[in-house]
Amino acid sequence: MDVTPILDSLNDAQRTAVAAPSEPLLVIAGAGSGKTRVLTHRAAWLIDVEGISPQSLLAVTFTNKAAAEMRHRIENLLNMPASNLWVGTFHGLAHRLLRRHWREAKLPQSFQIIDSDDQLRLLKRLFKSLNLDDSSFAPRDVQYFINAQKDEGLRPQHIDDGGDETRRQLISLYQSYQEICDRGGLLDFAELLLRAHELWRDNPAVLEHYQARFRHLLVDEFQDTNAIQYAWLRLLAGKTGVLFAVGDDDQSIYRWRGARVEHIYRFQKDFPTASIVKLEQNYRSTSTILNAANAVIANNSSRMGKNLWTDGKDGEPIRVYSAFNERDEAEFIVGRLRDWSEQGHARTDAAILYRSNAQSRVLEEALMNARIPYRVYGGLRFFERQEIKDALAYLRLVSNRDDDSAFERVVNRPTRGIGARTVEAIRAYGRDNSCSMWRAAGAISSDALAGRGAKSIVAFMSLVERIARESEPLDLAGKVDHVIQQSGLIEFFRKEKGEKGETRIENLEELVSAARGFNPDIAEEGMSELDGFLAHAALEAGEGQADAWEDCVQLMTMHSAKGLEFPLVIMCGLEDGLFPHQRSLNDMSGLEEERRLCYVGITRARQLLYLTHAEQRRLHGMDSYAQKSRFIGEIPAELVEEIRPKVQVSRPVSPSPALRHKSDRTSLRAGSAADIGVRLGQRVRHAKFGDGVILNCEGHGAHARVEVNFESAGSKWLVLSYANLDLM
DNA sequence: ATGATGATATTTTTT
DNA sequence: ATATCATCAT
């Protein structure tokens, strides 16, 4: 066998990993070190060189995108389609297993997946039915609690309340929530994983079958595995399965979502025969950028330890800009993007990264003004849109009447006179009799004592029955079309004012197209095509922002930038309190995770990296002042070039009074700055307070006052004629 | 059943 | 500043 095509393009470390013997292996793959390449080449190596059947291979990722890319690249390497190769997300694979083994997993055959939005609604409803709204629980917190428990693999009976009343209630809510889900055959995302784990744990025969089949397990982004995913992997690996895990402890940024980087540290304990390979050569960034990243992450204590290097060029220094405020920051960024375009680069190659989504607004305004096309990542996705979820809820009812989540969503949508009281009555009946709302509704409406609501309920139920009956013989797209027509949703949205309703109708029509184009290759093991489509909708919510294939600047959070790279990266809002975020400042582990996030951000850049921060920022409607992020200070000074606004002591010019009064308040302010001989954003030195920046000014002549944000003393108003400021 | 009012909170996101 | 949500009024 000629191994050249598989090993040739690899460096030594990559080659060691790819051609490693069949023992557990942990690959610590630094940013830009060719992680996906190693993973895919390993798969190709096993199949082509070791002669392992694709069937014996399981490749696991976190996102659908990563899974699709991995399959694509493996097939390219093998030069053939590998349909019997299992590549998928943890959730996708778990789902597949549960469909296959629904009996052993004690699930109804047509179980449905609910997303986090459904989950939250379900909890809110549960709160209502328990009259809990006045309690001290927020549904969100309970949702978080439940998911955190599930991520750890814990059922209500496993959790100790520790004698704490609040905790006891949380556990009991978890219990009630789970009962509702079980009754309706509903699985939330965490439940998929938990069930798949329990399936194997409780059915040795099933487990053995998969252990015998999957000899090699390839895992991507290993640092992001949560407890249940890791347990699942270990079960599958058993004593003989070969786990090939690729990850980077320095890029672990999802602890708040259950990810446990400790799995990386534990790897050798859990797999005593395991070895470790480190990929440290980086093919992405200039050495300046890498050195900065290395220096920043070196401040973290618990690390595996690694140092990225490149044999490429030093490149440009990292440019740091201290903006006067967030608008100045945005203006600066716009300027750099203009330069970038003028140098003949594509806008697509430039990314603006920020810590939190709220920061995008100012940037968008500035870009809009400057006519620079941009694209913001991470909006609402197709299958998450309200109208789409409404239509899907009808489809879910068609598939399974006991789906309470779907029932409540559309029972009065479009409005058909079933108000809160009626729904409440159904809910109560369902709770008291441990039955689904559909059955509760049936019972109530046949009760002669029922009031006006009963008629509407009967109408709703027969509508659903009719849709189900009529769509029975239709193909998937036909079913979807039938539902959106007959449910009255189209009519309902047509009445909605503005363009919104129109868009919604277009989206509904798009849903029919999506159904037509749905490739039911996942629909296997006796799952109906409809159930397959519904699962697909839940597991792959679709692109955040479709098309817009204009040459656009990319805006996104640093979290969503993980895994991407751009020739030009601008990280903005680098202020203590924003990044690192206020809520992470208190404990060490929080701060270290922020620092890893910073590391992720820096290592996205290929050639050019800008870091910006603002002295003053309007946040939540309040002006706040912050020091520049400590992370900037952690970058060695020799890698950094500070960019300052051109400092020029403007000569006091008095505009004519007429002109002054004509202007509005903001320009009056700016005018008065020139008036008294200072410039907003100008750096000054005070004998007592030290260095600072002028943020604001007011008044004229002897009464003129300026607001200065001092680096150590904070923000102060000073009367200019007394303050004796040195302009710098 | 829709619309106005006021209180409240406001990292990060995939599945 | 703003978005979401509950509550109350129409």
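Residues numbered from 1 in each chain as written. Chains lettered and ligands numbered in written order. Predicted model: local features only at pLDDT ≥ 70, side-chain atom pairs only at ≥ 80, totals over all residues. Heavy atoms only, no water.

Within an unreviewed UniProt entry, the label attached to chain A reads DNA 3'-5' helicase, and the organism entered is Woeseia oceani. Of the comments in the UniProt record for chain A, the one headed Sequence similarities (unreviewed entry) reads "Belongs to the helicase family. UvrD subfamily." (UniProt positions renumbered as here; feature names shortened; annotations may be inferred.)

Asks: Describe the overall build of chain A, and please don't skip the residues or the numbers.
Replies: Tallying secondary structure elements over chain A gives 30 helices and 21 strands in all. The proportion of buried residues among the 728 residues of chain A is 53%. Put simply, of all contacts in chain A between residues at least 6 apart along the chain, 74% involve residues at least 24 apart. Looking at chain A as shown, the accessible area adds up to about 33000 Å², and 48% of this sits on carbon and sulfur atoms. (Helix = DSSP H or I, 4+ residues; strand = E, 2+ residues; numbered from the N terminus. Buried < 20%, exposed > 50% of the residue type's maximum accessible area, 1.4 Å probe, protein only. Contact = heavy atoms within 4.5 Å. Areas by Shrake-Rupley, 256 points an atom, 1.4 Å probe, with all protein chains shown as cover.)

Asks: Outline the packing of aromatic side chains, listing residues and values.
Replies: As enumerated under the stated definition, the model contains 21 aromatic pairs in all. Seen from their ring centres, Phe382 and Phe383 are 5.2 Å apart, and the 75° between their planes marks the pair as edge-to-face. Consider the rings of Phe518 and Phe533, whose centres lie 5.4 Å apart with planes at 70°: the pair is edge-to-face. Residue Phe518 is found in the loop between α23 (498-516) and α24 (529-539), and its partner Phe533 is found in helix α24; the two are separated by 15 residues along the sequence. Of the two residues, Phe518 and Phe533, both sit in the buried class. An aromatic cluster is defined as three or more aromatic residues linked by ring pairs; in this entry it consists of Phe62, Trp86, Phe90, Trp200, Tyr210, Phe214 and Trp232. Sitting over the ring of Trp256, Arg257 keeps its end group 5.8 Å from the ring centre. (Phe/Tyr/Trp six-rings, centres within 6.5 Å; stacked < 30°, edge-to-face > 60°. Lys NZ or Arg CZ within 6 Å of the ring centre and 35° of its normal.)

Asks: Before we move on, can you summarise the protein's contact with DNA strand B with the specific residues and values?
Replies: Taken together, the neighbourhood of DNA strand B is formed by 26 residues, with Ser116, Arg355, Asn357, Thr557 and Arg583 sitting nearest. The sugar and phosphate moieties of DNA strand B supply 55% of its atoms located within 4 Å of the protein. Within the contact set of DNA strand B, a base oxygen lies 3.4 Å away from a side-chain nitrogen or oxygen of His91. Within the side chain of Ser116, a nitrogen or oxygen atom sits 2.7 Å from a base oxygen of DNA strand B. (Near = heavy atom within 4 Å. Polar contact = N/O pair within 3.5 Å; in protein donor to acceptor, adjacent residues only side chain to side chain.)

Asks: If you had to explain the protein's contact with DNA strand C to someone new, which residues and values would you point to?
Replies: Taken together, Lys124, Arg361, His620 and Gly621 form the complete shell of residues around DNA strand C. The contact atoms of DNA strand C, taken as those within 4 Å of the protein, divide so that sugar and phosphate hold 31%. Within the side chain of Lys124, an N or O atom sits 3.5 Å from a phosphate oxygen of DNA strand C.

Asks: Talk me through the UniProt feature "binding site: ATP" (unreviewed entry) in chain A; I want residue IDs and the actual numbers.
Replies: Following the UniProt record, one finds the feature "binding site: ATP" (unreviewed entry) at Ala29, Gly30, Ala31, Gly32, Ser33, Gly34, Lys35 and Thr36. Its place among the elements puts Ala29 in strand β1 (residues 25-29). Discounting residues that sit within four places of it in the chain, Ala29 has contacts with Lys35, Val246, Gly247, Asp248, Gln251 and Leu279. By secondary structure assignment, the location of Gly30 is in the loop between β1 and α3 (35-49). Apart from residues lying up to four places away in sequence, Gly30 is in contact with Asp248, Gln251, Leu279, Lys306 and Leu308.

Asks: Describe the packing of helix α16 (residues 386-399) against helix α21 (residues 476-486), and please don't skip the residues or the numbers.
Replies: Two elements in contact, α16 and α21, have axes separated by 10 Å at closest approach and are oriented at 110°. In this view, α16 runs roughly perpendicular relative to α21, as classed from their interaxial angle. Where α16 crosses over α21, the two elements pack in a sense that is right-handed. In contact with Ala391, Tyr394 and Leu395 of α16, α21 contributes Lys479, Val480, Val483 and Ile484. In terms of residue class, the contact of α16 with α21 is built from six nonpolar, no polar and one charged. (Axes fitted to C-alpha atoms, helices over the stretch in contact; angles between N-to-C directions. Parallel < 35°, antiparallel > 145°, perpendicular 65-115°, else oblique. Left-handed = near helix turned anticlockwise from the far one by under 90°. Nonpolar A, V, L, I, M, F, W, Y, C, P; charged D, E, K, R; others polar.)

Asks: So what's going on with the domain arrangement of chain A? Which residues, and what values?
Replies: Splitting chain A by domain gives domain 1 (4-103 + 193-281), domain 2 (112-184), domain 3 (297-381 + 544-643), domain 4 (383-538) and domain 5 (662-727). Its C-alpha centre places domain 3 at a distance of 43 Å from the equivalent point of domain 4. (Domains from an automatic or database assignment.)

Asks: Before we move on, can you summarise the state of the cysteines with the specific residues and values?
Replies: For the structure shown, the criterion picks out zero disulfides. Cys181 carries a free sulfur, and the closest cysteine sulfur to it, the one in Cys435, is 16 Å from it. Residue class for Cys181 comes out buried when judged on its relative accessible area of 1%. As a non-bridged cysteine, Cys572 has Cys598 as the owner of its nearest cysteine sulfur, 12 Å distant. (Disulfide = S-S within 2.5 Å.)

Asks: Give me the pattern of salt bridges: which residues, what numbers.
Replies: In this structure the tally under the stated criterion is 53 salt bridges. Among the ionic pairs, Asp270 bridges to Arg266, the shortest N-O distance being 3.1 Å. Of the two residues, Asp270 and Arg266 are both situated in helix α12 (residues 262-270); the distance of four residues between them amounts to about one turn of the helix. Relative accessible area serves as the criterion here: at 21%, Asp270 is assigned to the partly exposed category. Judged by its relative accessible area of 32%, Arg266 falls in the partly exposed class. A salt bridge links Arg319 to Glu316; its shortest N-O distance comes to 2.7 Å. (Salt bridge = Lys/Arg side-chain N within 4 Å of Asp/Glu carboxyl O.)

Asks: An account of the packing of helix α6 (residues 116-129) against helix α8 (residues 165-184) is needed here, citing residue identities and associated values.
Replies: At a closest axis distance of 10 Å, the pairing of α6 and α8 adopts a crossing angle of 110°. Taken together, α6 and α8 sit at an angle that is classed as roughly perpendicular. The crossing of α6 and α8 is right-handed. Residue-level contacts link Gln119, Leu122, Leu123, Leu126 and Phe127 of α6 to Leu173, Ser176, Tyr177 and Ile180 of α8. The residue makeup of the contact of α6 with α8, split by class, is seven nonpolar, two polar and no charged.

Asks: Describe a negative patch on the surface, with residues and values.
Replies: Among the surface-exposed residues, Asp481, Glu502, Glu506 and Glu509 lie close enough to one another that they form a single negatively charged patch. The element contributing the most residues to the negative patch is α23, with three residues. Positionally, Glu502 belongs in helix α23. Judged by relative accessible area, which is 52%, Glu502 ranks as exposed. (Patch = residues over 30% accessible without salt bridge, like charges linked within 9 Å, V, L, I, M, F, W, Y side chains within 5 Å. Lys, Arg positive; Asp, Glu negative; His and termini not counted. Charge placed at Lys NZ, Arg CZ, Asp CG, Glu CD.)

Asks: Explain the sheet that holds β1 to me, and be specific about the residues and the numbers.
Replies: With parallel pairing, the six strands of this open sheet are ordered in space as β3-β2-β6-β7-β1-β8. Of all the strands in the sheet, just β3 (86-89) and β8 (275-279) have a single pairing partner and so form its edges. The average angle at which neighbouring strand axes cross in this sheet is 15°, direction not considered. Sheet topology note: the strand β2 (residues 57-61)/β3 ladder contains four bridges and is parallel. Of the residues in β3, the one forming a bridge with Thr61 is Thr89. Strands in contact with helix α4 (residues 64-78) are β2 and β3; relative to β3, the strand with the most contacts, it is inclined by about 160°. In the packing of helix α11 (residues 227-237) onto the sheet, contacts are made with β2 and β6 (216-219), and the angle to β6 comes to roughly 160°. (Pairing = 2+ DSSP bridges.)

Asks: Just give me the short version of the confidence of the model for chain A, but keep the residues and values in it.
Replies: Taken over all residues, the pLDDT of chain A has a mean of 87, while the share at 70 or more is 90%. pLDDT under 50 marks residues 648-671. Its contacts with residues more than four places away, or in other chains, come to 23 contacts. (pLDDT = per-residue confidence, 0-100.)

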